[in-house]
Amino acid sequence: MLKVKNLKVRVEEKEILKGVDLSIKQGEVVALMGPNGSGKSSLASAIIGNPKYEVIEGKIAFEGKDLSNLTPDERANKGIYLAFQYPAAIPGVTVREMLLSALRTRNKEVIVSALDLKKTVEIEAEKLHLSTELLSRGLNEGFSGGEKKKMEILQMRVLKPKLLIMDEIDSGLDIDALATIAQNVAEMVKEQKMSVLVITHYQRILNYLTPDVVAVMKDGVIVEQGGKEIVDRLEKSGYR
Amino acid sequence: MRYAKKEFKPEVIVEEFDESYKLGKADDIAYSYKGERGLDEKLIREISAMKEEPEWMLQNRLAAYKVYLSKPIPTWGGDMSPIHFEDIYYYLKPAVTEKKSWKDVPASVKETFEKIGVPQAEREMLAGVKGQYDSEVVYGSLKKTLSAKGVLFLSMDEALKLYPEIVKKYFGTVVPMGDNKLAALNTAVWSGGSFVYVPEGVDVGLPLQAYFRINSESAGQFERTLIIAEEGANVHYIEGCSAPSFSSASLHAAVVEVVVKKKARVQYTTVQNWYKNIYNLVTKRAWVEEKGEMRWVDGNLGSALTMKYPSCVLAGEGAKAEMLSIAWAGKGQHQDTGAKMIHLAPNTTSQIISKSISKNGGRATYRGMVRINKGAYGSRSKVVCDALILDEKSRSDTYPTNKIFEEDVILEHEAVVSRVSEEQLLYLMSRGLPEHEAEAMVVNGFLEPVMKEVPMEYAVEMNRLVGLEMEGSVG
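Residues numbered from 1 in each chain as written. Chains lettered and ligands numbered in written order. Predicted model: local features only at pLDDT ≥ 70, side-chain atom pairs only at ≥ 80, totals over all residues.

### Topic: the overall build of chain B
Counted only if it meets this: Helix and strand assignments come from DSSP, with helices taken as H or I runs of at least 4 residues and strands as E runs of at least 2, each series counted from the N terminus. Note on burial: count the other C-beta atoms lying within 10 Å of the residue's C-beta; 20 or more is buried, 12 or fewer is exposed, in between is partly exposed, and C-beta positions come from the backbone. Contact between two residues is assigned whenever their backbone-derived C-beta positions fall within 7 Å.
Along its length, chain B carries eleven helices and 23 strands. By residue count, 55% of the 475 residues in chain B fall in the buried class. In chain B, the proportion of contacts linking residues at least 24 apart, taken out of those at least 6 apart, comes to 84%.

### Details of the packing of helix H5 (residues 145–159) of chain A against helix H6 (residues 175–192) of chain A
Residue and element names in this part refer to chain A. For the record, the criterion: To obtain an axis, a line is fitted to C-alpha atoms, over the contacting stretch when the element is a helix, and the angle between two such axes runs from 0 to 180 degrees between their N-to-C directions. For classification, angles of less than 35 degrees are called roughly parallel, those exceeding 145 degrees roughly antiparallel, those between 65 and 115 degrees roughly perpendicular, and all remaining angles oblique. Under this grouping Gly is polar, as are all residues other than the nonpolar Ala, Val, Leu, Ile, Met, Phe, Trp, Tyr, Cys and Pro and the charged Asp, Glu, Lys and Arg.
Interhelical geometry of H5 versus H6 gives an angle of 10° and a closest axis separation of 11 Å. Overall, the two elements H5 and H6 adopt an arrangement that is roughly parallel. Of H6, the residues touching H5 (which contributes Gly146, Lys149, Lys150, Ile153 and Arg157) are Ala177, Ile181, Asn184, Val185 and Met188. Its residues assigned to classes, the contact of H5 with H6 comprises five nonpolar, two polar and three charged.

### Thoughts on the interface of chain B and chain A
Between chain B and chain A, the residue contacts involve 24 residues of the former and 28 residues of the latter. Among the secondary structure elements, those contributing two or more residues to the side of chain B that touches chain A are helix H9 (422–429) and helix H10 (435–451) of chain B. Among the elements that line the side of chain B that touches chain A, the one with the most residues is H10(B), at seven residues. Classifying every residue of the side of chain B that touches chain A by side-chain character gives 13 nonpolar, five polar and six charged.

### Some points on the domain arrangement of chain B
All names here are of chain B. Formally: Note that the domain bounds reflect an automated or database-derived domain assignment.
What the domain assignment lists for chain B is domain 1 (14–308) and domain 2 (319–419). Going through the elements one at a time, strand E14 (293–300) and strand E15 (305–308) are the ones with two or more residues in the side of domain 1 that touches domain 2. A per-element tally of the side of domain 1 that touches domain 2 places E14 first, with eight residues. Residues belonging to the side of domain 1 that touches domain 2 are distributed by class as follows: nine nonpolar, seven polar and eight charged.

### Details of unusual backbone geometry
Residue and element names in this part refer to chain A. Positive phi, close to 45°, is recorded for Glu12, a residue that is not glycine. Summarising the element assignment, Glu12 is placed in the loop between strand E1 (2–11) and strand E2 (14–24). On the basis of neighbour count, Glu12 is assigned to the exposed category, with 8 C-beta atoms found within 10 Å. Unlike most non-glycine residues, Asn140 shows phi in positive territory, near 65°.

### Quick look at the sheet that holds strand E5 (residues 65–66) of chain A
All names here are of chain A. Note the threshold: Two strands make a pair as long as DSSP finds a minimum of two bridges between them.
Pairing in this open sheet of four strands is antiparallel, and the strands run E2-E1-E4-E5 from one edge to the other. Two strands in the sheet have a free side with no partner beyond their single neighbour: E2 and E5. Pairing of E1 with strand E4 (residues 54–62), which is carried by seven bridges, proceeds in the antiparallel orientation. Paired with Lys8 across the two strands is Glu57, which belongs to E4.

### Section: the pairing of strand E7 (residues 163–167) of chain A
All names here are of chain A. Rules: When the strands point away from the viewer and the connection leading from the first strand across the helix to the second strand turns clockwise, the crossover is called right-handed.
Most of E7 is tucked away, with five of its five residues classed as buried. What you see with E7 is no split at all: Leu163, Ile165 and Asp167 on one side and Leu164 and Met166 on the other are buried throughout. Looking at chain direction, strand E6 (residues 80–83) and E7 are connected through four bridges and run parallel. Residue pairing in the sheet places Ala83 in a bridge with Met166 of E7. The pairing of E7 with strand E8 (residues 195–200) spans five bridges and is parallel. Note that in E8 the partner of Ile165 across the bridge is Leu197. In this fold, E7 hands off to H6, which returns the chain to E8; that crossover is right-handed.

### Quick look at the sheet that holds E7(A)
All names here are of chain A. As summarised here, the arrangement of the six strands in space is E6-E7-E8-E3-E9-E10, forming an open sheet in which the pairing is mixed. The open sheet terminates on both sides in strands that have one partner only, identified here as E6 and strand E10 (221–226). Each strand axis lies, on average, 20° off the axis of its neighbour in the sheet, ignoring direction. Where H5 meets the sheet, it contacts E6 and E7, and its direction lies at approximately 165° from that of E6.

### What about the packing of helix H3 (residues 95–106) of chain A against helix H4 (residues 114–127) of chain A?
Residues and elements named next belong to chain A. The following threshold applies: Left-handed describes a crossing in which the near helix is turned anticlockwise from the far one by less than a right angle; the clockwise case is right-handed.
Contact geometry of H3 with H4 gives a least axis separation of 10 Å together with a crossing angle of 125°. By the angle class used here, H3 and H4 are oblique. In this structure, H3 meets H4 at a crossing whose hand is right-handed. Facing H3, whose interface residues are Val95, Arg96, Leu99 and Leu100, H4 presents Ala114, Leu117, Lys118 and Val121. For the contact of H3 with H4, a count of residues per class yields six nonpolar, no polar and two charged.

### Things to note about helix H1 (residues 40–48) of chain A
Residues and elements named next belong to chain A. Taking burial as the measure, the nine residues of H1 include nine buried ones, the bulk of the element. Burial in H1 covers these residues: Lys40, Ser41, Ser42, Leu43, Ala44, Ser45, Ala46, Ile47 and Ile48. With its phi angle positive at about 90°, Gly49 sits one or two positions after the end of H1.

### Looking at the nonpolar core
Here is the rule we go by: A set of buried Ala, Val, Leu, Ile, Met, Phe, Trp, Tyr and Cys residues, joined through C-beta atoms within 7 Å, is what we mean by a nonpolar core.
Ranked by size, the top nonpolar core spans 191 residues in total, and within it A:Ile165 and A:Val198 carry the most contacts. Sort the elements by how many residues they give to this core and H10(B) lands first, with nine residues.

### Let's talk about the pairing of strand E3 (residues 29–33) of chain A
All names here are of chain A. Most of E3 is tucked away: five of the five residues are buried. Going residue by residue along E3, you find Val29, Ala31 and Met33 tucked away on one face and Val30 and Leu32 tucked away on the opposite face as well. Bridge count for E3 against E8 is five bridges, and the pairing is parallel. For Val29, the partnering residue across the bridge sits in E8 and is Val196. In this structure, E3 lies alongside strand E9 (residues 213–218), joined through four bridges in parallel fashion. Pairing of Ala31 across the sheet is with Val214, part of E9.

In structure tokens, the structure reads:
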């Protein structure tokens with residue numbers, strides 16, 4: 001599904017990623033762990049095409065196709081979705097309006113009914129225990145940390161990507177919220193064969209969403225890759 | 001910062017705007033009367049005679065002409081130097097006279113109305129339709145239900161003929177001829193415009209709509225609108241403007257007077273989308289009596305220069321006034337808009353919410369005044385002016401003035417200038433929206449607090465216009 005090969009990325013003249021190799025298969029859950037500042041979030045930014053992250057070497061391929069010339073929206077429409085660590089607020093635009101535009105842009109042939117979408121969004125909100133009052137507010141405007149994270153997952157559920165990247169989704173979430181989110185993601189993995197890249201500093205979320213592969217990043221490179229046993233070891237001895 | 005691949009779209013420039021401007025070119029209309037260019041006393045007498053006006057109106061016009069000559073052209077606000085007052089036709093009369101039924105309207109006129117949506121409005125059971133073709137109303141319809149309620153909705157010319165005593169009682173009382181040079185000019189040469197009279201306790205219910213249109217090169221349009229809401233009456237009047245393309249600057253200098261009696265409520269909604277060579281210099285004012293409520297909703301999208309500051313005089317205790325406005329300043333445009341709230345009586349409240357967007361070198365100016373007189377204790381006023389600047393070339397200025405002569409009052413003022421952030425664009429693009437759509441979405445969200453007060457059909461049209469303008473910004 002996703003193949004990152006010898007990826008070197010620069011932000012404002014500073015090299016952040018120094019040759020990253022990482023593969024994710026369809027329906028696979030990959031955990032990317034590592035200390036703060038190791039480059040985990042930068043990898044997410046590079047994959048979605050954030051223009052601040054300049055690829056200087058290597059490449060990112062999605063379903064066998066090189067992504068380097070594609071804008072963020074083109075990548076999104078190929079099925080890549082990032083649940084942001086700090087989602088931007090869009091005052092005056094409801095999540096429904098945004099999703100309606102996104103769905104209509106992606107598939108011009110299929111007529112997306114606003115009414116159907118409204119129902120879908122309400123059902124998903126309920127599954128995430130997200131107050132429906134938030135649905136008619138400006139997106140992420142004055143939302144709490146937990147509400148923002150849930151709204152990211154809600155959008156993902158509606159857009160049904162092939163690859164979900166979760167950037168520190170567990171930060172600032174209580175256990176119940178975390179379990180709810182993990183369950184909603186796990187369902188998509190099972191039913192849609194969605195691939196997931198879980199970027200996290202802690203193992204907490206991995207108790208609810210079992211990874212198939214665990215990769216450890218340090219100073220801009222992947223230093224270790226293996227199974228779930230890595231998580232347990234890191235839990236005991238920390239990053240060294 | 002730019003995204004990896006730009007979407008190249010032809011830039012919409014003013015000269016080529018026709019292609020995306022669905023109302024297209026000036027229609028071919030026969031005029032039964034087209035005077036000389038320029039203005040003198042003789043022309044004013046001719047206009048008045050042709051309209052068979054009462055003597056007092058002629059004298060009023062002549063007096064206003066003297067005031068007009070005595071006042072200098074304003075040097076503040078926008079640049080009015082491209083207006084050549086001597087080159088303007090001050091009076092044009094279409095060859096067709098007012099028709100009562102839609103069937104009688106000539107095909108060419110119908111076609112134009114088709115473009116500006118009059119039949120649509122009919123189908124949608126709107127209360128009444130007035131279209132203005134240059135200086136005369138050529139088509140007007142009034143639903144029977146309105147007449148049954150005693151509501152008068154006519155052109156000003158008709159009103160002067162049929163109800164001279166009401167016109168005489170209120171004409172020039174809210175906006176006196178000496179108010180400013182353009183108001184004096186309007187008083188001297190006015191033609192057309194709407195007259196609305198709502199009797200005591202009557203709620204009109206459906207909005208009254210008027211479509212205005214300038215249809216001749218260099219045709220000055222000086223319509224005059226007068227709205228009177230008697231005690232406890234309620235009316236919503238909608239003025240939507242649109243004009244076809246011209247090659248030389250055309251002047252539009254309207255005067256709107258609104259009288260809101262005790263406990264009456266009036267909303268006046270304007271969608272101004274003049275073609276981008278029009279000078280739109282408008283004086284709008286409402287007089288609000290005890291517990292009356294006035295609300296201006298004002299969208300300014302078109303014109304080369306708009307100078308418009310709708311005002312409310314809060315004359316009676318407990319009166320309320322509100323101004324919600326949107327200004328869009330694109331390439332070659334200057335929107336110099338704002339509001340004036342004058343509190344004369346105790347416990348009066350006013351609110352101004354102004355949203356402006358400037359793009360492609362456009363300039364948006366907020367110019368507003370809140371005045372609270374001695375004795376207007378317990379009054380409150382809130383001013384919010386937000387500006388969104390979409391690129392480095394564009395400009396936004398805010399000139400708020402507060403004159404407070406009473407201690408026991410509350411005045412709030414907020415002003416925020418912002419840009420569409422890179423984070424917002426990336427966020428929306430990461431959901432699959434192309435850059436220009438992402439930007440348009442942020443812009444529409446910014447305008448939402450005002451848009452939600454505008455009737456649906458207008459909001460949709462404005463959203464579409466914003467989208468159209470945004471497309472030109474990519475690349």
